[in-house]
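Now for the letters of each chain:
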Amino acid sequence: MFRLFNLAKISGDKRTIIKTKSAFSSHQSPTSRGIVIKSTSRTLEIMSNKTKQTARIVVIGSGPSGIAAATRLIEQGFKNVSILEAENRIGGRICTVPFGDSVVDKGAQWCHGESGNVVYQRVKDLNLLHRTGDALKTMTLVRSNKQVLNNETAFILGSAFESSLPTTPNELNGSLGDHLTDNFWKALSASPPVDKTIAKELFETGKRLRCSFTASDHLFEVSRRAHLEFAQSDGEFLLNWKDKGYKTFLKVLMNSKLNDAEDLGVLNGRVRLSKRLTEINYASDEQLKLRCEDGEVITADHVICTVSLGVLKAVHQQLFVPALPEAKVRAIKGLRIGTVNKFYLEFAEQPLPADWIGANFLWLEEDLDELRGTERFWLEGVFGFHRVLHQPRLLQGWIIGEHARYMETLTEEEVIEGLLWFFRKFLPFNVPHPQRFLRTQWTSNPNFRGSYSSRTNYTDELRTGPWDLATPLLDATGRPKVQFAGEATSKTHFSTVHGATETGWREADRLNEYYSSRNKL
């Protein structure tokens, strides 16, 4: 069993935080100026009469950033706040669904960290979270010839991999893949001797696992700078939502009844589902016009856009009229959104042996070469399966990158058959056909088009980042016309729910500051 080599997005990412300054990494505060759009005297006259009671604010998207923005605005005294949601449900990439004996999370699953994590700080006194501790940290490493690695070998290899991650300011530039490749073998040379073939197999598995932190296809596209600038939240990294799921946090934000699925609390009557937008027109000096797919036109004084980076990449040229400023487009192009998908398998009883928490899989080179020539090639992207807390009959698995995207195109039965073959290939015991099966398909959903964002070397070469995506479009009065929130707009907490929540609050505070400062004049 292996304690150091943990599942990404499960055990948390303990990164050393380096405070750096660069010409392209300045952080936008809520009151900093954005990109100014030309206005007329008529605009000045109209907006001077707007107040918190009369300003029309439309939030696009009901994920954690959208709900955070809307609920914060209501708390701050804004009266005319509404949300347009393309899906037929709220939550965005928080998606808690019934499965097994209670629920599972198709999207965000754990609250990662305590200190500096606004999710934890909001719910810490409500008895909603459970400390996982070491329950999921001891994974078995198994090769494709069914050989289980002994503890000593696993510890040596895992220690070498973990020690190869960048931690200091002089390691800012280049890719994470380059850094790991250079340093893993150096670290291993200073360790007790191990089989180099097995070491290579683990290194490849480790890279796949690490890719799930950033939803990247490979680590040679991951920015080393971004890895270091991600802000760690200290404390327990495996806080789970017991048998209620991450939707519980949204209930807390909305101040709604936890056991009433239909109750939206302070957002009751303010959320319109299945309202996909085809155009956000901010050309007028007076008001914005939002055209919906069903033909309805909605007018607003302010728009907070929280759609995913994947949606922005796909439709920004058609969605925004006039076209977005060059700096905004550069950020949309430069930032990356990738794919991490999950599998949930329900059995009559747990198929893993009592002393197995889960497994990470190491491919023998000859087995992997053979796999790549078959219709099951997509299984290369599967890096781990493990038990599900509070759901003793379930197994949960993970798949990344291009293989995850291909998996989304297969039928459910094809995926199940592939996974059962995979289990037979690796495991020294039988795994029966599951009673029920669930998979996620985040990239093929047109309302998401990916799992979460990351910064790449290309992002850094373009001298852009989340700060440019977050910059609002203002009129000459300083009025925020179009604002942007969501995990991809967070410099230090991208890819997380707490990062998304922070950005929703940031944009609500931006509007509150705008109206509060006008009242002081």
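Residues numbered from 1 in each chain as written. Predicted model: local features only at pLDDT ≥ 70, side-chain atom pairs only at ≥ 80, totals over all residues. Heavy atoms only, no water.

Caption draft 1: Summary view of the overall build of the chain. What the chain contains, in helices and strands, is 16 helices and 23 strands. Relative to the compact-globule value of 24 Å for 521 residues, the chain shows a C-alpha radius of gyration of 24 Å, a close match. On the principal axes, the C-alpha backbone points of the chain span a range of 75 × 50 × 45 Å. The burial tally for the chain puts 61% of its 521 residues in the buried class. (Helix = DSSP H or I, 4+ residues; strand = E, 2+ residues; numbered from the N terminus. Rg over C-alpha atoms; globule rule 2.2 N^0.38 Å. Buried < 20%, exposed > 50% of the residue type's maximum accessible area, 1.4 Å probe, protein only.)

Caption draft 2: Up close: the pairing of strand β23 (residues 480–484). Most of β23 sits inside the fold, with 5 of its 5 residues counted as buried. Summarising the sheet, strand β13 (residues 302–305) and β23 pair through 3 bridges and their orientation is parallel. Each residue of the ladder has a partner; that of isoleucine 304, found in β23, is glutamine 483. Pairing of strand β22 (residues 473–475) with β23 involves 2 bridges; the strand directions are antiparallel. Across the sheet, leucine 474 pairs through a bridge with proline 480, a residue of β23. Counting the residues that bridge the hairpin from β22 to β23 gives 4 residues, and of these glycine 478 lies at a positive phi of roughly 90 degrees. (Pairing = 2+ DSSP bridges.)

Caption draft 3: A look at the environment of isoleucine 399. Mapped onto the elements, isoleucine 399 comes out in strand β19 (residues 391–400). According to the relative accessible area criterion, isoleucine 399 is buried, its value standing at 0%. Sequence separation between isoleucine 399 and tyrosine 514 is 115 residues, and the spatial gap between their C-alpha atoms is 44 Å. Setting aside chain neighbours within four positions, we find isoleucine 399 in contact with Thr339, Val340, Asn341, Phe343, Trp378, Gly381, Val382, Ala404 and Met407. (Contact = heavy atoms within 4.5 Å.)

Caption draft 4: Expanded view of the packing of aromatic side chains. Evaluated as defined, the whole model comprises 24 aromatic pairs. Each ring, one from phenylalanine 320 and one from phenylalanine 484, has its centre 5.9 Å from the other, and the planes form 45 degrees; the classification is tilted. Here the residue phenylalanine 320 occupies a position in strand β14 (residues 320–321), and phenylalanine 484 occupies one in strand β23, the gap between them amounting to 164 residues. By relative accessible area, which is 1% here, phenylalanine 484 ends up buried. Both rings, one in tryptophan 442 and one in phenylalanine 448, keep their centres 5.1 Å apart while their planes meet at 85 degrees; by these two values the pair is edge-to-face. Given the relative accessible area of 5%, phenylalanine 448 is considered buried. Members of the aromatic cluster, joined through ring pairs, are Phe343, Phe361, Trp363, Phe385, Phe422, Phe423, Phe426 and Phe437. The side chain of arginine 210 reaches across the aromatic face of phenylalanine 213, ending 4.2 Å from its centre. (Phe/Tyr/Trp six-rings, centres within 6.5 Å; stacked < 30°, edge-to-face > 60°. Lys NZ or Arg CZ within 6 Å of the ring centre and 35° of its normal.)

Caption draft 5: Expanded view of the packing of helix α2 (residues 64–75) against helix α8 (residues 247–254). With their axes 9 Å apart at the nearest point, α2 and α8 run at an angle of 15 degrees to one another. Our classification of the angle between α2 and α8 gives roughly parallel. As α2 runs across α8, the sense of the crossing is left-handed. In this structure, α2 contributes Pro64, Ile67, Ala68 and Thr71 to the contact, and α8 contributes Leu250, Leu253 and Met254. Split into classes, the residues belonging to the contact of α2 with α8 amount to 6 nonpolar, 1 polar and no charged. (Axes fitted to C-alpha atoms, helices over the stretch in contact; angles between N-to-C directions. Parallel < 35°, antiparallel > 145°, perpendicular 65-115°, else oblique. Left-handed = near helix turned anticlockwise from the far one by under 90°. Nonpolar A, V, L, I, M, F, W, Y, C, P; charged D, E, K, R; others polar.)

Caption draft 6: Spotlight on the sheet that holds strand β11 (residues 288–292). The sheet built from 4 strands is open, its strands ordered β12-β11-β10-β14 with mixed pairing. Of all strands in the sheet, those bounded by a partner on one side alone are β12 (297–300) and β14. Pairing of strand β10 (residues 277–281) with β11, which is carried by 4 bridges, proceeds in the antiparallel orientation. The partner of glutamate 279 across the bridge, within β11, is arginine 291.

Caption draft 7: Structural detail: the confidence of the model for the chain. Averaged over every residue, the pLDDT of the chain is 90; residues scoring 70 or more account for 91%. In this model, residues 1–29 is a region of pLDDT below 50 whose contacts with residues beyond four sequence positions or in other chains number 102 contacts. (pLDDT = per-residue confidence, 0-100.)

Caption draft 8: Region of the structure containing the side chain of aspartate 468. With respect to the element layout, aspartate 468 can be found in helix α15 (residues 466–470). This buried residue, aspartate 468, is left without a salt bridge; arginine 330 holds the nearest opposite charge, at 4.3 Å. (Lys, Arg positive; Asp, Glu negative; His and termini not counted. Salt bridge = Lys/Arg side-chain N within 4 Å of Asp/Glu carboxyl O.)

Caption draft 9: Quick peek at the environment of arginine 393. With respect to the helices and strands, the residue arginine 393 is situated in strand β19. Between the C-alpha atoms of arginine 393 and phenylalanine 347, which are 46 residues apart in sequence, the distance is 5.5 Å. Each residue touching arginine 393, except ones within four places of it in the same chain, is listed here: Gly100, Asp101, Leu345, Glu346, Phe347, Ala348, Glu349, Gln350 and Gln435. A polar contact is formed between the side chain of arginine 393 and the side chain of aspartate 101, at a distance of 2.7 Å. Within polar-contact distance, the side chain of arginine 393 engages the side chain of glutamate 346 at 2.9 Å. (Polar contact = N/O pair within 3.5 Å; in protein donor to acceptor, adjacent residues only side chain to side chain.)

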